[in-house]
Amino acid sequence: MGYVAAVVLVGCSSVQPGPAQEAAVARAAKPLEGKSSIYFCRQWAYAGGGISLYPRIDGKAVATLETKTFTRVEVSPGEYEIALAYSDERDSSFFKAVQRAPVKMETLSAKAGEVYYYWIGMAGSSLFGGSLTIDHFDNKAQAHDCIQESIYVSPRTL
């Protein structure tokens, strides 16, 4: 049993920190002119800490996040579906088959010049993860604390 757990954990630790200059801009939490900034931050957690999570915008994974990581995505104003998933398009067919469907958070009406923050994580733990959790932070200070205390991960191209 210990061998299986080791294989699962090794497979999940593939997140690479983004460039330092890009991280500094992201930590400033100011959107680009004419754009909206969407942040996903995952705080440290014991439960499910070795399992990667995939925040999604309009069904596409925007980054691979592990505990104490965050990403920032710049989008044009408009409507976007915000969700969270365990699987990624790069995962094996077997892994996708045993995973649950993504958890939809909301349809975001993004406005130019606005910044949106999402807290992501999971409740409970098992070989294939517990319940996915995506929510708003209680306040902007909590969101900024999460970003400052986490490693920046460059987003994927949408």
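Throughout, residues of each chain are indexed from 1 in the direction in which the sequence is written. Per-residue local features are limited, in this predicted model, to residues with pLDDT of at least 70; the limit for side-chain atom pairs, both in listing and counting, is 80 or more; totals at the level of whole chains, interfaces and linings are taken over all residues. Water and hydrogen atoms play no part in the side-chain values, which are based on all heavy atoms of the structure.

Chemist: Account for the sheet that holds strand 4 (residues 69-75), naming residues and giving values.
Modeler: Spatially, five strands are ordered 8-7-1-4-9 in an open sheet, and the strand pairing comes out mixed. Edge positions in the open sheet fall to strand 8 (131-135) and strand 9 (151-152), since each of these has one partner strand only. By the bridge criterion, two bridges tie strand 4 to strand 9 in an arrangement that is parallel. Paired with Thr69 across the strands is Ile151, a residue of strand 9. When DSSP locates at least two bridges between a pair of strands, those strands are taken to pair. Helix and strand labels come from DSSP, where a helix needs a run of H or I of at least four residues and a strand needs a run of E of at least two; each type is numbered from the N terminus.

Chemist: Quick one: what's the story with the sheet that holds strand 6 (residues 103-110), residue by residue and with numbers?
Modeler: Here four strands make up an open sheet; going across it, the order is 3-2-5-6 and the pairing antiparallel. Where the open sheet ends on each side, the last strands, each with one partner, are strand 3 (60-61) and strand 6. Relative to strand 3, strand 2 (residues 54-57) runs antiparallel, the two sharing two bridges. Looking at strand 3, one finds that Arg56 is bridged to Ala61.

Chemist: Please give an account of the state of the cysteines that cites residues and values.
Modeler: Between two cysteines, a covalent bond joining their sulfur atoms is known as a disulfide. Note on disulfides: each one is a pair of cysteine sulfur atoms within 2.5 Å. One pass over the structure, following the stated rule, counts one disulfide. Note that Cys41 is cross-linked by a disulfide to Cys146, the S-S spacing being 1.9 Å. Disulfide Cys41 to Cys146: torsion about the S-S bond roughly -95°, handedness left-handed. Taken together, the residues span a long stretch of sequence, with Cys41 in strand 1 (residues 36-42) and Cys146 in helix 4 (residues 140-148) at a distance of 105 residues. Three labels apply to residues, based on accessible area from a 1.4 Å probe with only protein chains included: buried if under 20% of the type maximum, exposed if over 50%, partly exposed otherwise in between. The exposure class assigned to Cys146 is buried, which follows from its relative accessible area of 1%.

Chemist: So what about the pattern of salt bridges? Which residues, and what values?
Modeler: What counts as a salt bridge is simple: a side-chain nitrogen of Lys or Arg found within 4 Å of a carboxyl oxygen of Asp or Glu. One pass over the structure, following the stated rule, counts two salt bridges. Two residues, Arg72 and Glu74, come together in a salt bridge whose shortest N-O distance is 2.4 Å.

Chemist: Requested: an account of the environment of Glu114, with residues and values cited.
Modeler: Tracing the backbone through its elements, the reader meets Glu114 in the loop between strand 6 and strand 7 (115-123). Sequence-distant contacts of Glu114, that is, excluding residues within four places in its chain, are made with Pro31, Lys35, Ser36 and Ser37. Should any heavy atoms of two residues lie within 4.5 Å, those residues are counted as being in contact.

Chemist: Report on the packing of aromatic side chains, specifying residues and quantitative values.
Modeler: Working definition: a ring pair exists when centres of Phe, Tyr or Trp rings (six-membered ring for Trp) sit within 6.5 Å. Plane angles under 30 degrees give stacked, over 60 give edge-to-face, the rest tilted. Applying the stated rule across the entire model yields four aromatic pairs. A centroid spacing of 6.3 Å and a plane angle of 20° characterise the contact between Tyr39 and Phe70, whose relative ring orientation is stacked. Placement of Tyr39 in strand 1 and of Phe70 in strand 4 is noted, with a sequence separation of 31 residues between them. Like Phe70, Tyr39 is buried.

Interpretation in functional terms is not warranted from these geometric data alone.
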